[in-house]
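# Topology and contacts: notes
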Number of protein chains: 2
Amino acid sequence: MALDHAILVSLLEQPGSGYELARRFERSIGYFWTATHQQIYRVLARMERDGLLAVRAVPQQGRPDKKEYSVAAPGRAALARWLHEPVEPESLRHDLAVKIRGAAFDDPAALIGEVERHRQVHSDRLAHYLAGEHRDFTGPDAPAPLDAGQELQHAVLRGGIAYERMTVAWLDDVLATLRRIGGPSAPDA
Amino acid sequence: MALDHAILVSLLEQPGSGYELARRFERSIGYFWTATHQQIYRVLARMERDGLLAVRAVPQQGRPDKKEYSVAAPGRAALARWLHEPVEPESLRHDLAVKIRGAAFDDPAALIGEVERHRQVHSDRLAHYLAGEHRDFTGPDAPAPLDAGQELQHAVLRGGIAYERMTVAWLDDVLATLRRIGGPSAPDA
DNA sequence: CTTGTCTATGCAACGAGTTGCATAGCAGGA
DNA sequence: TCCTGCTATGCAACTCGTTGCATAGACAAG
């Protein structure tokens, strides 16, 4: 299970509370691994119980205390072990592709709005990634010689950028196809 | 839940047994939605119980009977309803990206073999998709004017091709990065 | 002064997905 | 002959992931 390992990596990059992790999972890490706060709290509790993580209660003024988690030695070892194991190349779960094939049995033109909406989301994500890349890696405020960790984060971000660019281009292709067949051919049903 | 709908689409394209569906999910449909035979049998049983599918026992010589499922009217209606609902743009679950970021806390060079293995898998899938595209859509044996369903299947396949091409290129980028930082910089641990 | 939002954590229930195992006949190779 | 593998279906147990709800103090807007 990779959620454990995603949390370990994130805590090694920067210790933090469950709440903070949940927000990171909405941002950088979450681009490649999503998780809700419930999942995160449950996994943190389990990993702490198993001695992979250390907790420290941090009092805050005007707020409930937060539990700051950091990676203990056994957690680091568990991550290292996982890094040396092969993982399965992932398979996609692409609802929209199912819908596109399904549109043949309904009205293809009715899907245009939905595809446009997805295109917008991916286009926004792309802009967001590009802004992050400029801020952290390629812009004037970026650290001059990147260390290994930053190089790797940048490489992963380039993957996200390539993915979103590819997706936007593909959805444009799909839209053109839907408009082409929406005209001449009648819906199948 | 999209497994139901993926099954409906697949059965509309071609009725078949659970076993046949499981094999389709290893091929075309499975490129965008994976499922094991257990999942498929369970969902087929539920959908039949709910009247979305019709079953027909087909005797076979030298083999156990197979249950051929096809989509009943309520199933078609359920699919149509889903097609008109918005779905969430999916988020990735990319183990390898987690590993790449995690490599900063281990030996980056140790990840090269793993990344090469993934590159090979994606490169094979790409070749496989391209062969399928030539066979079904662009080659001399393809149907001359494609109908709407075929146009849409082709559009989805083009998405798979674009995805695999993008992934192979990105993994090359990652490999170059790993080799670059593997030399000068020492492992963090 | 009440309502809503943000930080911060968590329980309980459910549904989705995975893994291991079982059955059963037939075909082909060592 | 025995072992492996393929077609064909399914149960049981488990883990993973999602959804709804709850608590609780601080702060801002209406």
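Conventions adopted
- Residues numbered from 1 in each chain as written.
- Chains lettered and ligands numbered in written order.
- Predicted model: local features only at pLDDT ≥ 70, side-chain atom pairs only at ≥ 80, totals over all residues.
- Heavy atoms only, no water.
- Near = heavy atom within 4 Å.
- Polar contact = N/O pair within 3.5 Å; in protein donor to acceptor, adjacent residues only side chain to side chain.
- Helix = DSSP H or I, 4+ residues; strand = E, 2+ residues; numbered from the N terminus.
- Core = buried A, V, L, I, M, F, W, Y, C linked by side-chain atoms within 4.5 Å.
- Buried < 20%, exposed > 50% of the residue type's maximum accessible area, 1.4 Å probe, protein only.
- Contact = heavy atoms within 4.5 Å.
- Axes fitted to C-alpha atoms, helices over the stretch in contact; angles between N-to-C directions.
- Parallel < 35°, antiparallel > 145°, perpendicular 65-115°, else oblique.
- Left-handed = near helix turned anticlockwise from the far one by under 90°.
- Nonpolar A, V, L, I, M, F, W, Y, C, P; charged D, E, K, R; others polar.
- Phe/Tyr/Trp six-rings, centres within 6.5 Å; stacked < 30°, edge-to-face > 60°.
- Lys NZ or Arg CZ within 6 Å of the ring centre and 35° of its normal.

- As recorded in an unreviewed UniProt entry, chain A goes by the name PadR family transcriptional regulator, listed as coming from Streptomyces antimicrobicus.

## Re the protein's contact with DNA strand C
- If you check the shell around DNA strand C, you find 19 residues, and the closest are A:Tyr19, A:Gln38, A:Gln60, A:Lys67 and A:Arg93.
- One of the backbone N or O atoms of A:Gly18 is found 3.5 Å from a phosphate oxygen in DNA strand C.
- Interatomic distance of 2.9 Å between a side-chain N/O atom of B:Gln39 and a phosphate oxygen of DNA strand C.
- Looking at the surface near DNA strand C, the elements that each hand over two or more residues are helix H2 (18-26), helix H3 (37-49) and strand S2 (63-71) of chain A together with helix H3 (37-49) of chain B.
- Element by element, the count of residues in the surface near DNA strand C is highest for S2(A), at five residues.

## Some details on the nonpolar core
- Counting residues in hydrophobic clusters, the biggest one holds 112 residues, and the most contacted among them are A:Ile7, A:Phe25, B:Ile7 and B:Phe25.
- The contacts of A:Ile7, once residues within four sequence positions are left out, are A:Leu21, A:Phe25, A:Ile40, A:Val43, A:Leu44 and A:Met47.

## A few points about the packing of helix H2 (residues 18-26) of chain B against H3(B)
Residues and elements named next belong to chain B.
- Packing of H2 against H3 leaves a shortest axis separation of 9 Å and a crossing angle of 130 degrees. Comparing the axis directions of H2 and H3 gives the class oblique. When you trace H2 past H3, the crossing you get is right-handed. When H2 is examined against H3, the residues Gly18, Tyr19, Leu21, Ala22 and Phe25 are found in contact with a partner set consisting of His37, Ile40, Tyr41 and Leu44.
- Considered class by class, the residues forming the contact of H2 with H3 number seven nonpolar, two polar and no charged.

## Quick look at the packing of aromatic side chains
- Scanning the entire structure with this criterion turns up one aromatic pair over all chains.
- Pairing A:Tyr163 with B:Tyr163 gives two aromatic rings, centres 6.1 Å apart and planes at 90 degrees, and the pair type is edge-to-face. Taken together, the residues span two chains, with A:Tyr163 in helix H7 (residues 148-182) and B:Tyr163 in helix H7 (residues 148-182). Grouping residues by exposure puts A:Tyr163 and B:Tyr163 together as buried.
- Note that A:Arg93 overlies the ring of B:Trp33, its terminal NZ or CZ placed 4.9 Å from the centroid.
- One residue, B:Lys99, lies across the ring of A:Trp82, its end atom 5.3 Å from the ring centre.

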